[in-house]
2 protein chains.
Amino acid sequence: MPQRSRRTARLSGDERQEAILLTAETLLASRSLDEISIEDLASGAGISRPGFYFYFSSKDDVLLALLDRVIGEVQQRVVTLPRDFDADPEAAWRRVIGVFVEVFAAHRAVSAAAIGARLRNAEVEALWSGAMQTWVGYATDVIVAERARGAAPAGTDARALAIALNLLNERVLFAAFNGETPAVAPSQALDVLTGIWVRSIYS
Amino acid sequence: MPQRSRRTARLSGDERQEAILLTAETLLASRSLDEISIEDLASGAGISRPGFYFYFSSKDDVLLALLDRVIGEVQQRVVTLPRDFDADPEAAWRRVIGVFVEVFAAHRAVSAAAIGARLRNAEVEALWSGAMQTWVGYATDVIVAERARGAAPAGTDARALAIALNLLNERVLFAAFNGETPAVAPSQALDVLTGIWVRSIYS
DNA sequence: CACCCGAATCAACAGGGTGTCGAAGAATTC
DNA sequence: GAATTCTTCGACACCCTGTTGATTCGGGTG
């Protein structure tokens, strides 16, 4: 996934690329991706519009790079989490969901743009979809394990349940952090989500 | 909400407007809204591009009219549903959720376009958001009533729970009917959703 | 230290979509 | 059949995207 679009690896080049990414994330805080022109990104990074194309092949390519980082951050934080579901299942699930809440909150602009771009851009769709599959796989494994040790009852197909709950997180957090109406208050989100996950899985 | 954009109410005019709406829903089945040009809609309805602007002020305006109908259909079907939650709560919830499943399935193209357009168009956002608030209000009332009669335990704030569950439906059905990966299979969707709603509300 | 070569940049162009005129055409009314 | 109103379209101005060929810049090399 790395080395997107750059032709060479020179010093000032990397800085320029970084400047474009920074500009993009900054501008995304106040406008949607298609309200941002490539001219905006280029001038924000101190280059001309054609210069932009030296570093990225399109606006969506910039978003892809930003999304890559956000997903990487979630991935990295999730794997280092303790997995003691037998001790206190609710607390364990809350920790996992908490990672999503925090990362989505920190990068709400990028997540919002990605969720919008996914509908029209196959690459964004593929990247997000891959990440979702990883998380769904993780959740499915835990649900299956909890059922195996008798803590959770068999019922709905574990994978289907895991998919639905992951989609729940995505949608609820997006709505909460982007000020939609209706939405769960950001401060309530973790409690509400954890509640639904735990009750759906264990009863 | 009616009488969007039309200046007069003449006969052939209504037919033309209808032709545009029909063309739009047809084309939306195979491409996203911004892959459809106004030229496409106009020629599909047998008029020239400037002629389009006589009936609608933009592509989003067309979508707004289509979405209005879909929401009206849900509304109409939900109010005529039996409300016997005390007899068999699970069956009652399943009926309500079933309406959403059916209407989303029948108009998947419009729903998909609306969900995409909501992010950039304030009017679409307002229309959808108003409908969501109605449905959330309905769900909240039922949850409160179920708690009052002792069928459901107090717990998560009823409104926050209702919001999260409605967002769950929206996201899961969208993913299912638009062939996302990962997604719950369309045939499983009603079971999975009903399961999550019932367990979240009653345990 | 002059030269060269490739990295980096930009002015200018082509293409495509949107929204808006004012004028031309069709229908209705008197 | 003239006047009025409704309806349509050709042509224009504008904005954004993506590309290309010429130009500038700076460090390694003899």
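Residues numbered from 1 in each chain as written. Chains lettered and ligands numbered in written order. Predicted model: local features only at pLDDT ≥ 70, side-chain atom pairs only at ≥ 80, totals over all residues. Heavy atoms only, no water.

Quick notes on the domain arrangement of chain A
All names here are of chain A.
Stage number 1. The domain architecture assigned to chain A consists of domain 1 (1-56) and domain 2 (60-202).
Stage number 2. Just the C-alpha atoms count here: the centres of domain 1 and domain 2 sit 29 Å apart.
Stage number 3. Across the domain 1 to domain 2 interface the summed buried area is about 1,200 Å²; carbon plus sulfur atoms make up 66%.
Stage number 4. Summed over the shared surface of domain 1 and domain 2, the result is one salt bridge.
Stage number 5. The closest approach of N and O atoms between E18 and R69, which form a salt bridge, is 3.0 Å.
Stage number 6. Here domain 1 and domain 2 share two residue pairs in polar contact (both at pLDDT 80 or more) between them.
Stage number 7. In terms of residue count, the dominant contributor to the side of domain 1 that touches domain 2 is helix 1 (residues 11-28) (six residues). (Domains from an automatic or database assignment. Buried area = accessible area lost by both parts, 1.4 Å probe. Salt bridge = Lys/Arg side-chain N within 4 Å of Asp/Glu carboxyl O. Polar contact = N/O pair within 3.5 Å; in protein donor to acceptor, adjacent residues only side chain to side chain. Helix = DSSP H or I, 4+ residues; strand = E, 2+ residues; numbered from the N terminus.)

Comments concerning the interface of chain B and chain A
Stage number 1. In this assembly, 36 residues from chain B lie in contact with 36 residues from chain A.
Stage number 2. Summed over the three residues of chain B that lose the most area to chain A, namely R171, P182 and R199 of chain B, the buried surface amounts to 21% of that side.
Stage number 3. Counting across the chain B and chain A interface gives two salt bridges.
Stage number 4. Note that R171 of chain B is salt-bridged to E170 of chain A, the shortest N-O span being 2.7 Å.
Stage number 5. At the surface where chain B touches chain A, the tally comes to nine residue pairs in polar contact (both at pLDDT 80 or more).
Stage number 6. Of all elements in the fold, only helix 7 (122-148), helix 8 (158-177) and helix 9 (186-202) of chain B reach the threshold of two or more residues within the side of chain B that touches chain A.
Stage number 7. For the side of chain B that touches chain A, the leading source of residues is helix 8 of chain B, giving 13 residues.
Stage number 8. Tallied by class, residues from the side of chain B that touches chain A come to 18 nonpolar, eight polar and 10 charged. (Contact = heavy atoms within 4.5 Å. Nonpolar A, V, L, I, M, F, W, Y, C, P; charged D, E, K, R; others polar.)

Topic: the relation of the copies chain B and chain A
Stage number 1. Take chain B, turn it by 180°, move it 0.0 Å along the axis, and it overlays chain A with an RMSD of 0.0 Å. In the structure described here, the two chain copies are related by an operation that fits a two-fold rotation axis. Minimal C-alpha distance to the rotation axis in chain B is attained by L168 of chain B, lying at 2.4 Å.
Stage number 2. Both copies share a contact surface, since 100% of the interface residues of chain B are interface residues in chain A too. (Least-squares fit on C-alpha atoms with pLDDT ≥ 70 in both.)

What about helix 4 (residues 59-79) of chain B?
Stage number 1. For helix 4 of chain B, spanning 21 residues, the distance from its first C-alpha to its last is 31 Å, which sits close to the expected 30 Å at 1.5 Å a residue.
Stage number 2. Restricting attention to buried positions, one finds in helix 4 of chain B the residues D60, D61, V62, L63, L64, A65, L66, L67, V70, I71, V74 and V78 of chain B. (Expected span 1.5 Å × (residues − 1). Buried < 20%, exposed > 50% of the residue type's maximum accessible area, 1.4 Å probe, protein only.)

Let's talk about the side chain of S129 of chain B
Stage number 1. Along the chain, S129 of chain B turns up in helix 7.
Stage number 2. Polar side-chain contacts of S129 of chain B include one of 2.7 Å to the backbone oxygen of T181 of chain A.

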